[in-house]
Amino acid sequence: MNKKLKWGVLGVAKIAREKVIPAMANSDLYEVYGLASRDLDKATAAAREMGIPKAYGSYEDLINDPEIDVVYNPLPNDLHVPYTLQCIRAGKHVLCEKPLALNAEEIDELIRARDEKGLKVGEAFMVASNPQWIKARELVRKNYLGKIKAVHGFFSYFNVNEDNIRNIPEMGGGGIWDIGCYPVFTSRFVLEKEPGRVVSMLEFDPQFRTDKLGSVLIDFHEIQMTFTVSTQLTPYQRMLFYGEEKIMEIRIPFNAPADQKNEILIHDGNFLQPDPEKIVLPLSNQYTEQANDFSKAILEDREVPVSLENAQENAKVLQAIFESDRNERWVNID
Ligand SMILES: NC(=O)c1ccc[n+]([C@@H]2O[C@H](COP(=O)([O-])OP(=O)(O)OC[C@H]3O[C@@H](n4cnc5c(N)ncnc54)[C@H](OP(=O)(O)O)[C@@H]3O)[C@@H](O)[C@H]2O)c1
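Keep in mind that this is a model prediction, so the values were computed, not measured.

## So, the overall build of the protein
And then number 1: In terms of helices and strands, the protein carries nine helices and 15 strands.
And then number 2: Taken over the C-alpha trace, the protein has a radius of gyration of 20 Å; the compact-globule value for 334 residues is 20 Å, and the two agree within 12%.
And then number 3: Principal axes of the C-alpha set define a box for the protein whose edges measure 60 × 45 × 40 Å.
And then number 4: When each of the 334 residues of the protein is scored for burial, the buried share is 54%.

## Considerations on the site of the ligand
And then number 1: Every one of the 25 residues lining the ligand counts as a neighbour, but Ser37, Lys42, Tyr59, Asn77 and Tyr287 are closest to it.
And then number 2: At a separation of 3.1 Å, a nitrogen atom of the ligand approaches a polar side-chain atom of Glu97.
And then number 3: Arg166 is positioned with one of its side-chain polar atoms (N or O) 2.8 Å from an oxygen atom of the ligand.
And then number 4: A total of 900 Å² of accessible area belongs to the ligand in isolation, and the protein chains cover 83% of it.
And then number 5: Among the elements of the structure, helix 1 (14–23) and helix 7 (175–191) are those that each provide at least two residues to the shell around the ligand.
And then number 6: Both domain 1 (5–125) and domain 2 (128–284 + 316–332) contribute no fewer than three residues apiece to the shell around the ligand.

## Side note on the pairing of strand 9 (residues 211–219)
One face of the sheet, then the other: side chains in a regular strand alternate in exactly this way.
And then number 1: Relative to strand 9, strand 8 (residues 197–204) is paired through eight bridges, and the arrangement is antiparallel. The residue of strand 9 that forms the bridge with Arg197 is Asp219.
And then number 2: Hairpin connection of strand 9 to strand 10 (residues 224–230): four residues between the antiparallel strands, including His221 at a positive phi of 60°.

## Considering the domain arrangement of the protein
And then number 1: Taken domain by domain, the protein consists of domain 1 (5–125) and domain 2 (128–284 + 316–332).
And then number 2: Summarising the inter-unit geometry, the C-alpha centres of domain 1 and domain 2 are found 27 Å apart.
And then number 3: At the interface, ten residues of domain 1 touch 13 residues of domain 2.
And then number 4: Across the domain 1/domain 2 interface, buried area totals approximately 1,000 Å², and carbon plus sulfur atoms make up 63% of it.
And then number 5: Contact with domain 2 buries area across many residues of domain 1, yet Lys98, Leu102 and Phe125 alone supply 52% of it, more than any other trio.
And then number 6: The interface formed by domain 1 and domain 2 holds one salt bridge in total.
And then number 7: Residues Lys98 and Asp178 are paired through a salt bridge, measuring 3.2 Å at the closest nitrogen-oxygen approach.
And then number 8: Counting every contact that joins domain 1 to domain 2 gives six residue pairs in polar contact (both at pLDDT 80 or more).
And then number 9: Per-class residue counts for the side of domain 1 that touches domain 2 are six nonpolar, two polar and two charged.

## With respect to the packing of aromatic side chains
And then number 1: By the definition in use, this model includes twelve aromatic pairs.
And then number 2: Between the aromatic rings of Phe125 and Tyr182, the centroid separation amounts to 5.4 Å while the plane-to-plane angle is 80°, which identifies the pairing as edge-to-face. Of this pair, Phe125 sits in the loop between strand 6 (121–124) and helix 6 (131–141) while Tyr182 sits in helix 7; the two residues are 57 residues apart in sequence, bridging distant segments of the chain.
And then number 3: Their ring planes at 35° and their centres at 5.3 Å tell us that Tyr182 and Phe254 sit as a pair that is tilted. Here Tyr182, found in helix 7, pairs with Phe254, found in the loop between strand 12 (247–250) and strand 13 (263–267); they are 72 residues apart in sequence, far enough to count as distant.
And then number 4: Classification of Tyr182 by relative accessible area gives buried; the value is 8%.
And then number 5: Taken together, the ring pairs in this structure connect Phe125, Phe155, Tyr182, Phe185, Phe189 and Phe254 into an aromatic cluster.
And then number 6: One Lys or Arg, Arg197, reaches over the ring of Trp330 and ends 3.9 Å from the middle of that ring.

About the criteria used
- Every chain begins its residue count from 1, and numbering advances along the sequence as written.
- Reporting in this predicted model follows two pLDDT cut-offs: at least 70 for local features of residues, and 80 or more for side-chain atom pairs to be given and counted; totals over whole chains, interfaces and linings ignore these cut-offs and use all residues.
- Excluding hydrogens and water, the side-chain figures rest on all heavy atoms present in the structure.
- Numbering of helices and strands runs from the N terminus; a helix is a DSSP stretch of H or I covering at least four residues, while a strand is a stretch of E covering at least two.
- Within these notes, the globule rule equals 2.2 Å times the number of residues to the 0.38 power, and the radius of gyration is based on C-alpha atoms.
- Partly exposed residues are those whose accessible area sits between 20% and 50% of the maximum for their type, while under 20% is buried and over 50% is exposed, using a 1.4 Å probe and protein chains only.
- One heavy atom within 4 Å of a molecule or strand makes the whole residue count as near it.
- Under this definition, polar contacts are N or O atom pairs within 3.5 Å; protein pairs additionally need one hydrogen-donor-capable and one acceptor-capable atom, and for neighbouring residues in sequence, both atoms have to be side-chain atoms.
- Areas reported as accessible are Shrake-Rupley estimates using a 1.4 Å probe. Residue values count occlusion only from the protein chains shown.
- A domain assignment, automatic or from a database, supplies the domain bounds used here.
- Two strands pair under a simple rule: DSSP has to find at least two bridges between them.
- Any two residues whose heavy atoms approach within 4.5 Å at even a single point are treated as in contact.
- Defined here as a combined quantity, buried area equals the accessible surface (1.4 Å probe) lost by two parts on assembly, summed across both.
- Note on definitions: salt bridges are taken to be side-chain nitrogens of Lys or Arg within 4 Å of carboxyl oxygens of Asp or Glu.
- Note on residue categories: nonpolar means Ala, Val, Leu, Ile, Met, Phe, Trp, Tyr, Cys or Pro, charged means Asp, Glu, Lys or Arg, and polar means any other residue, Gly included.
- Each Phe, Tyr or Trp ring (for Trp, its six-membered ring) is paired with any other whose centre lies within 6.5 Å, and the angle between the two planes then decides the class: stacked below 30 degrees, edge-to-face above 60, tilted in between.
- Geometrically, a lysine NZ or arginine CZ counts as sitting over a ring once it is within 6 Å of the ring centre and also within 35 degrees of the ring normal.

Have a look at this one:
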């Protein structure tokens, strides 16, 4: 067998500590070998706690370590493009957290660098590796719902911590970048279409200056998609796909738990006696699936789950949402 891929992680981020690194234990394909922080003591303590062999006191030290094959980048959103670019230039494969870029055009430079070096680079939309979303796409491909005419999404949490990266506009904070990216991505994923135009209405927090509530209408060419996201509402999430024959409901679309079987509900119109068909998926951890898929893309020279080109299409939609709100009009997506 080939040697295990050695992953390095930039920053002791909450998502890395709580979800992604624990989900990557016990693989035959890879190991989390290094953890970097701006503070060596913090990196050392966290690496020890999580059983990671090597700690670094700067991101550059990890990026330039020849032992590291692939870097996971969960830094604040504004640091995604610059550090991903540094990693590629240092010859590393990179899995970068969502949203990969705050400006779709910046992804061009990543694509050029990736192609020059012949590396695998992708956006960490774990939903793309989650069996419930793969099943949902398969059902739509098989026309199980009949012709889909509408999609609706909702995603919210309550976070008014002024130190949190989500409430700092300079770091790419706000609801649309943080969670609006999910209904957009999963709609594109399931419908296998790119939208034509968007119109939106956003409300900004007067103190943080980040968008705290947003509603969006997206024209997916004869499919109307609407969603609402908020960083200051009670936590909730749901995605619904409305077909001429059936409606598909993804109960826990984004933070799908690893210790519960995910369910897709299929409603057939009998809403007075609601007893929907339940499609129950086997237990799975979407962060493990993501790491497996990305590692296999490297080891077997396959396409990564969410390519830079795919990330660029998502970023275009998110940018158009801000432009629409600013100018109070429809914005075409080119
Ligand atoms: N896919 C998912 O399910 C998911 C879920 C949550 C978040 N995310 C994404 O993951 C990323 C991190 O989110 P998070 O909530 O985990 O963030 P977080 O806990 O605030 O961590 C961000 C890390 O970035 C590093 N950093 C570098 N410069 C910084 C600066 N100027 N200010 C603050 N931190 C700085 C810090 O590491 P050091 O101090 O160790 O250097 C910090 O721990 C975001 O892009 C977010 O969108 C994805």
